[in-house]
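In case you want the letters, here they are:
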Amino acid sequence: MKNEYEQLDVLIVGAGISGIGMCYNLKKKRAHTSFAIVEGRENIGGTWDLFKYPGIRSDSDMYTFAYSFKPWTDREYIGSAERIKNYLQELVRDEGIDQYIRFKQRVSAANWDSTQNRWLVTISRGDGTDYYIAAKFLSCCAGYYNYDQGYLPEFKGYEDFKGTIAHPQQWPEDLDYSGKRVAVIGSGATAVTVVPAMAKKAAHVTMVQRSPSYVYTRPASDMLFRIISRVLPAGLTNRIMRAKYTTMQQLSFVLSKRFPDFIRKIVRNMNKEALAGAADVDVHFKPKYKPWDQRMALVPDSDLFNSVRSGKASIETDDIDCFTESGLTLKSGKKVDADIIVPATGLDLQLWGKMNLTVDGHDIESTKLTNYKGMMFSQIPNFVWVFGYTNSSWTLKAELTYDYVCRLLEHMEQNGYESVYPYREPNAKQQQLLDLQSGYILRAKDKLPKQGESFPWCNKDLYFKDVFAIKHSKLDDGVLRFDDNAPLAEFHQVNASEKTDNATTRQPSNISDAKTRKTSTKKAKPQSNEPLVQEKTA
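The rules behind these values
- Residues numbered from 1 in each chain as written.
- Predicted model: local features only at pLDDT ≥ 70, side-chain atom pairs only at ≥ 80, totals over all residues.
- Heavy atoms only, no water.
- Phe/Tyr/Trp six-rings, centres within 6.5 Å; stacked < 30°, edge-to-face > 60°.
- Helix = DSSP H or I, 4+ residues; strand = E, 2+ residues; numbered from the N terminus.
- Buried < 20%, exposed > 50% of the residue type's maximum accessible area, 1.4 Å probe, protein only.
- Lys NZ or Arg CZ within 6 Å of the ring centre and 35° of its normal.
- Contact = heavy atoms within 4.5 Å.
- Expected span 1.5 Å × (residues − 1).
- Patch = residues over 30% accessible without salt bridge, like charges linked within 9 Å, V, L, I, M, F, W, Y side chains within 5 Å.
- Areas by Shrake-Rupley, 256 points an atom, 1.4 Å probe, with all protein chains shown as cover.
- Salt bridge = Lys/Arg side-chain N within 4 Å of Asp/Glu carboxyl O.
- Pairing = 2+ DSSP bridges.
- Axes fitted to C-alpha atoms, helices over the stretch in contact; angles between N-to-C directions.
- Parallel < 35°, antiparallel > 145°, perpendicular 65-115°, else oblique.
- Left-handed = near helix turned anticlockwise from the far one by under 90°.
- Nonpolar A, V, L, I, M, F, W, Y, C, P; charged D, E, K, R; others polar.

Enquirer: Before we move on, can you summarise the packing of aromatic side chains with the specific residues and values?
Expert: With the rule as written, the count across this model stands at 35 aromatic pairs. Aromatic pair W352 and F377: ring centres 5.8 Å apart, planes at 80°, arrangement edge-to-face. Separated by 25 residues along the polypeptide, W352 in the loop between β16 (340-343) and β17 (356-359) and F377 in strand β20 (residues 376-377) bring together distant segments of the chain. Each member of the pair, W352 as well as F377, carries the same accessibility label: buried. Judged by centre distance (5.2 Å) and plane angle (55°), the rings of F387 and W394 are tilted. As far as burial versus exposure is concerned, F387 and W394 are alike and both buried. Lying across the ring of F491, K368 places its NZ or CZ 4.9 Å from the centre. The cationic tip of R443 hangs over the ring face of Y151; the distance from NZ or CZ to the ring centre is 3.5 Å.

Structure follows, in structure tokens:
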């Protein structure tokens, strides 16, 4: 029995900040294009709807994290999850984007069919039924991590703890931590957010970190914004603020890479002043790595440091030996008593929102792929992955991608093309896709696509350079191939031994094996291996 396919020009996967932005740009720039968003959850917002832990906020300034076409007008330039979600809801409502979103639906499989120049997509509804879409172009805006579960290391004695364990990604909203002793495991952006937020009501919060991270502070509101927003229109104010923070982000990153000791000294002095002797800076805030080898954590108005100075929070820098009935025992032998343990231990990186992608029936081996301009992949036709900057606001790169996709679709339409992909010689030299040494990236490096050694195959996450190299460059650059599907089958053909080798390297996060007590958290279900529905007619 043949499946009937709904015909679309563009299918967008994910209704978070990336997917909503893509939808807005298609609506404004290509009104005649048919498109839809499929969203697995029942709400928009992605990350900002998923995470519910105390204090959740952006770790980038909102003048650049917000869209250029919808100015951020709040005084606080570090946005809370609630305010960010409201911001997105305002855009969806005001621009009529809700009519394009299909909630509680997931792309379970997508096969590029070269005979039709279409992605044949299987959509699974929340009620367990499937339907099918034939899309000319597939835009993945599903982020980069597993929404079902986070990462949890194997802790000895984990099952022995008698208190409550609350993972930030599966936070029980009814958890009352008033007057409780809390241990937060981790030192990244989540940990430095949770600690001061919980310290307001908890008896005491201890941040237990294996090694320190770079943490810097800035005022929660911007003086320049407070002044110019009173006299200038919102649009002009927004452009000025975006220019200011984009420049600051890029300058900070470049200086960190070229003069790491200089930036390390600046951050250390900032930490020392903020702590005022309440904690040893050289023990708890002296990372072993260089600035921007991992993301630097931002705390507004020194809230983390203030909670330590007040005595409501403290920091222990040591390895965890084991969990006990009443808390943690560190390698040094010191005990950390806790009623609640929060393992802020990171994300489980995941490609393409768990979609099973194939090209002409062949499995796509992600490690064979080379990233093109930070958005497309070698020998994958009509496919774009919206992936923001790791050293600046996510949305800066996302907006460059929106513009590029609209230009590319227009170019294809004007020239009568039906397929496009960046071509790269299969044996060309590759290197790691991301320069960051963060744990979630290192854990996934053996399943990530790669990048090349020079542009357009190598992207250094420099916004000002990308504006010219991506937004203002010609599309037909000699790398993109139009209507030439012949090389695809050979590139994606994988023999049985390669499949076996690749299968053994896929290591699932072990959080699904973790026991959670006194929370509403449930074990994640195993990933479906449902086969792709193979149809040759749309």
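Structure shown, so let's carry the discussion forward.
Enquirer: Break down the environment of L408 for me, with residues and values.
Expert: Position of L408 among the secondary structure elements: in helix α11 (residues 394-415). Along the chain, L408 and V420 lie 12 residues apart, while their C-alpha atoms are 9.1 Å from each other. Contacts of L408, omitting those with residues within four sequence positions, involve F137, M376, V420, L475, L480 and F482.

Enquirer: So what's going on with helix α1 (residues 17-29)? Which residues, and what values?
Expert: Spanning 13 residues, α1 covers 18 Å between terminal C-alpha atoms, matching the ideal 18 Å at 1.5 Å per step. Most of α1 is tucked away: 10 of the 13 residues are buried. Among all positions in α1, only I17, S18, G19, I20, G21, M22, C23, Y24, N25 and L26 are buried. Looking at the buried positions of α1, the neighbouring elements they touch are β1 (5-13), β2 (35-39), α3 (62-65), α4 (81-94), β6 (130-140) and α11.

Enquirer: How would you sum up helix α7 (residues 234-258)? Please name residues and give values.
Expert: The periodicity of an α-helix, 3.6 residues per turn, causes residues three or four positions apart to be oriented the same way. Taking 1.5 Å per residue as the helical rise, α7 with its 25 residues ought to reach 36 Å, and the 36 Å between its terminal C-alpha atoms agrees with that figure. For α7, every residue scored as buried is listed here: T237, N238, M241, R242, Y245, T246, Q249, Q250, F253 and S256. Contact partners of the buried residues in α7: α3, β10 (215-218), α6 (223-228), α8 (260-275), α11 and α13 (463-471).

Enquirer: Break down a nonpolar patch on the surface for me, citing the residues and quoting the values.
Expert: A contiguous nonpolar surface patch, about 190 Å² in accessible area, is contributed by L224, L236 and I240. When you line up the elements, L236 lands in helix α7.

Enquirer: Tell me what's going on with the pairing of β16, and back it up with residues and numbers.
Expert: Regular strands place side chains that alternate from one sheet face to the opposite one. Side-chain alternation along β16 places I340 and V342 on one buried face and I341 and P343 on a second face that is also buried. Pairing of strand β7 (residues 164-165) with β16, which is carried by 2 bridges, proceeds in the parallel orientation. Each bridged residue has a counterpart across the sheet, and for I165 the counterpart in β16 is I341. With 4 bridges joining them, strand β8 (residues 181-185) and β16 adopt parallel strand pairing. Within the sheet, the bridge partner assigned to A183 lies in β16 and is I341.

Enquirer: Can you tell me about the packing of α1 against α4, naming the residues and giving the values?
Expert: Viewed as axis vectors pointing N to C, α1 and α4 meet at an angle of 25°, and their least axial separation amounts to 11 Å. Taken together, the axis directions place α1 and α4 in an arrangement best described as roughly parallel. Relative to α4, α1 is oriented so that their crossing is left-handed. From α1, I17, I20 and Y24 reach across to α4, where they touch L88, L91 and V92. Counted by class, the contact of α1 with α4 contains 6 nonpolar, no polar and no charged residues.

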